[in-house]
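Each chain, written out:
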Amino acid sequence: MTTMIGSLTTVTSAGHALAAHIRRGQSEAARIESEIASGRIADVGRVLGSETSRLVGLRQEATALAAAIDANATVKSRFEASQAALAGIAETAGAVLSTLMAARNDPDLRAGLEFEVGTAMRALQDLTNTTFAGRHLFSGIATTTPPMPDYFSDPQPRSRMAVSAAFQSAFGMTNADPAAASIDASSMQAFLDTGFEALFADPAWGSDWTAASPEPLTSLIAADQKSSTSLTAHDTAFRKITAAFTMVLDTGAGNLNEAAFGVVADAAIAKLSEGVASLAESRGRLGSVEADVVRATERMERQVDVMRGYIADSERVDLPALSVTLNALLTRLEATFAVTARMRSISLLDAL
């Protein structure tokens, strides 16, 4: 009886050992199959040891660079939207410039001038108030605020009231008064050079004409490179083009005599020419920063490729070797299963 119990105990112990061996083998087989499927080490820490912390750091750095690349893509799209709006402003200003130059010496063309410039002013406002992703492009850091109020709103905005007040202060009449025909050329020139000019300088520009912040947006376009990535409505080009349009609209141009109108037309032509030139310079600056963004993005993309390549190489498994190991392991498991099955068939009589 003692011998029978001892034999049964031996068989049971052997069965438990084989079962544990099978579980370990199955776990190892599952791990190898996973690595073959993914091509990557399943337990990096176990296999690579201290190198793991370096790989974790590289993976985090690559993730941060990828986020910066995505941010730069947004900045680049914002640049493109800004350039499109500025091109529209340049085209609008150019069209008015051509009309003014033609009307300067042709009284027949003066009749429709105010209407055309009024249309151009509305276009200027719309383009200056352009948004991208719900944010105003030319408001500087005040991105939620439209930079240019409606010059034609009722009640009148502060900008238009300031023009009317300056005109009345200079000439003792409103800018719509037919008596404006009596204003001589020298008086008009003096007004444009002083009271009118001051309306588009600081602090009047910031208080009456625009709600934009003078501080442009800045973006971290690379880990070691921060740049201004927007143009604000405080830029010289916006002031000069707005001033030129306003001259035609609200200095009594429709009632002025030939000489006084010539002064207004010449001043508006000069302002528009300066404004268009300034706009070209500003667009060039934006284009230069956009090129910096592209170069920074390309540099970061190369860094990410190198990091991810190193990580992939470090974590890559040897597929042929793993296949051999897996086949050998499965063969051993099959043999173990066979032995286990044989042991289970041992009966109490066999043990005796």
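The structure we're discussing is the one just above.
Per the stated rule, a full pass over the model turns up 11 salt bridges. Among the salt bridges present, the one from Asp202 reaches Arg239, with a minimum N-O distance of 3.0 Å. Note that Asp202 is positioned in the loop between α6 (185-198) and α7 (204-209) and Arg239 in helix α8 (residues 236-250), a separation of 37 residues in sequence. The exposure class of Arg239 is buried, given its relative accessible area of 14%. For the salt bridge of Arg285 with Asp235, the shortest nitrogen-to-oxygen distance reads 3.2 Å. Linking Arg285 in helix α9 (residues 258-315) with Asp235 in the loop between β4 (225-228) and α8, this pair joins segments that are 50 residues apart in sequence. Its relative accessible area of 45% is what places Arg285 among the partly exposed residues. Overall, the relative accessible area of 13% leaves Asp235 in the buried class.

As paired elements, strand β3 (residues 218-222) and β4 share four bridges and run antiparallel to each other. Opposite Ala222, over in β4, you have Gln225 as the bridge partner. Between the antiparallel neighbours β3 and β4 lie two residues.

For the rest of this paragraph, the subject is the packing of helix α5 (residues 158-171) against α6. Where α5 meets α6, the closest approach of the two axes is 11 Å, and the angle between their N-to-C directions is 135°. The orientation of α5 relative to α6 falls into the category oblique. Relative to α6, α5 is oriented so that their crossing is right-handed. Contact residues: α5 offers Ala166, Phe167, Ala170 and Phe171, while α6 offers Ser187, Met188, Phe191 and Gly195.

Turning our eyes to something else, we now look at unusual backbone geometry. Of the consecutive residues Asp154 and Pro155, the connecting peptide bond is found in the cis state with omega at 5°. Secondary-structure assignment places Pro155 in the loop between β2 (135-136) and α5. Backbone torsion omega between Asp202 and Pro203 reads 10°, so that peptide bond is classified as cis. With respect to the helices and strands, the residue Pro203 is situated in the loop between α6 and α7. Even without glycine at this site, Ala133 takes up a positive phi of about 55°. For Ala133, the position within the fold is in the loop between β1 (131-132) and β2. Taking relative accessible area as the criterion, Ala133 reaches 68% and is therefore assigned exposed.

Take helix α4 (residues 113-128) next. Over its 16 residues, α4 runs 22 Å from end to end, which matches the ideal 22 Å to within 8%, given 1.5 Å per residue. For α4, the set of buried residues is Leu113, Val117, Gly118, Ala120, Met121, Leu124, Gln125 and Thr128. Taken around the axis of α4, the buried residues stretch over an arc of 165°, which confines them to a single face. Within α4, the exposed residues directed more than 90 degrees away from the buried face are Phe115 and Asp126.

Turning to the nonpolar core, a few remarks are in order. Side chains of a nonpolar character, in soluble globular proteins, are inclined to be buried together. Ranked by size, the top nonpolar core spans 63 residues in total, and within it Leu100, Met188, Leu192, Phe245 and Leu272 carry the most contacts. Every element with two or more residues in this core is listed here: α3 (51-103), α4, α5, α6, α7, β3, α8 and α9. Of all the elements, α9 adds the most residues to this core, at 14 residues. Contacts of Phe245, omitting those with residues within four sequence positions, involve Thr92, Ala93, Val96, Val117, Ala120, Met121, Leu124 and Leu272.

Relative to the helices and strands, Val248 is located in helix α8. Here Val248 is in contact with Leu100, Leu113, Glu114, Val117, Ala253 and Ala268, once residues within four sequence places are set aside.

Another aspect to go through is the environment of Thr297. Residue placement: Thr297 occurs in helix α9. Measuring from C-alpha to C-alpha, the distance between Thr297 and Ala66 comes to 9.4 Å, with 231 residues separating the pair along the chain.

This brings us to the packing of aromatic side chains. This structure, assessed with the given rule, holds 11 aromatic pairs. With a centroid separation of 5.6 Å and an interplanar angle of 90°, the aromatic rings of Tyr151 and Phe152 are classed as edge-to-face. Here Tyr151 falls in the buried class, since its relative accessible area comes to 2%. Seen from their ring centres, Phe196 and Phe200 are 5.0 Å apart, and the 50° between their planes marks the pair as tilted. These aromatic residues form a ring-pair network of at least three members: Tyr151, Phe152, Phe167, Phe171, Phe191, Phe196, Phe200, Trp205 and Trp209.

Calculation notes
- Residues numbered from 1 in each chain as written.
- Predicted model: local features only at pLDDT ≥ 70, side-chain atom pairs only at ≥ 80, totals over all residues.
- Heavy atoms only, no water.
- Salt bridge = Lys/Arg side-chain N within 4 Å of Asp/Glu carboxyl O.
- Helix = DSSP H or I, 4+ residues; strand = E, 2+ residues; numbered from the N terminus.
- Buried < 20%, exposed > 50% of the residue type's maximum accessible area, 1.4 Å probe, protein only.
- Pairing = 2+ DSSP bridges.
- Axes fitted to C-alpha atoms, helices over the stretch in contact; angles between N-to-C directions.
- Parallel < 35°, antiparallel > 145°, perpendicular 65-115°, else oblique.
- Left-handed = near helix turned anticlockwise from the far one by under 90°.
- Contact = heavy atoms within 4.5 Å.
- Expected span 1.5 Å × (residues − 1).
- Arc of directions from axis to C-beta.
- Core = buried A, V, L, I, M, F, W, Y, C linked by side-chain atoms within 4.5 Å.
- Phe/Tyr/Trp six-rings, centres within 6.5 Å; stacked < 30°, edge-to-face > 60°.

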